[in-house]
Amino acid sequence: MNRVYVCSCFGITDKQVKDHAAAGACTPRQIASATKAGTDCGSCVRTIQGILGRGACPRRELLEKGDAAVVLAAATEPARSPAMAEAA
C-alpha cells in the first residue's frame, strides 16, 4: 500500500487526515489537535486545507442550515480520533 505523507514532521498520511475528517474534524486546527500535523514547520497546512476542502462537514452543514445552537454545542466537543472513538 502506498502511503502519501501530508505531514513529514509527524508522519501523518492523507488517509489519517481523511479519517479524522470523517470523524468530524472540519478545520486544519482540529486536524492538528488530533494528530499534531501542521504544528511544527506548517508546510502541510495548505495540503490539509485542500484535503478538507468544502466537502461534507457535519458542523458546516448545520451552520449553513442556520442551526447555530447545534453548531455551538458541536464546536465545544473535542475532536476525537478514530482510535479514541473505538476505545470509548
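So, how was this worked out
- Residues numbered from 1 in each chain as written.
- Predicted model: local features only at pLDDT ≥ 70, side-chain atom pairs only at ≥ 80, totals over all residues.
- Heavy atoms only, no water.
- Salt bridge = Lys/Arg side-chain N within 4 Å of Asp/Glu carboxyl O.
- Helix = DSSP H or I, 4+ residues; strand = E, 2+ residues; numbered from the N terminus.
- Buried < 20%, exposed > 50% of the residue type's maximum accessible area, 1.4 Å probe, protein only.
- Arc of directions from axis to C-beta.

Novice: Let's hear about the pattern of salt bridges: which residues, and what values?
Specialist: Applying the stated criterion to the full structure yields two salt bridges. With its nearest N and O atoms 3.8 Å apart, the salt bridge here joins Asp14 to Lys18. Taken as a pair, Asp14 and Lys18 lie in helix H1 (residues 14-22) at a separation of four residues, close to a single helical turn. Here Asp19 makes a salt bridge to Lys15, at a shortest N to O gap of 2.9 Å. You can see Asp19 and its partner Lys15 sitting in helix H1, four residues apart, about one turn around the helix.

Novice: Describe H1, listing the residues and the values that go with them.
Specialist: Two residues of an α-helix separated by three or four positions point the same way, owing to the 3.6 residues in each turn. Inspection of H1 places Asp14, Val17 and His20 among the buried residues, and these make up the whole buried set. In an axial view of H1, the angular spread of the buried residues amounts to 125°, which keeps them on one side of the axis. Positioned one or two residues after H1, Gly24 has a phi angle of 125°, which is positive.

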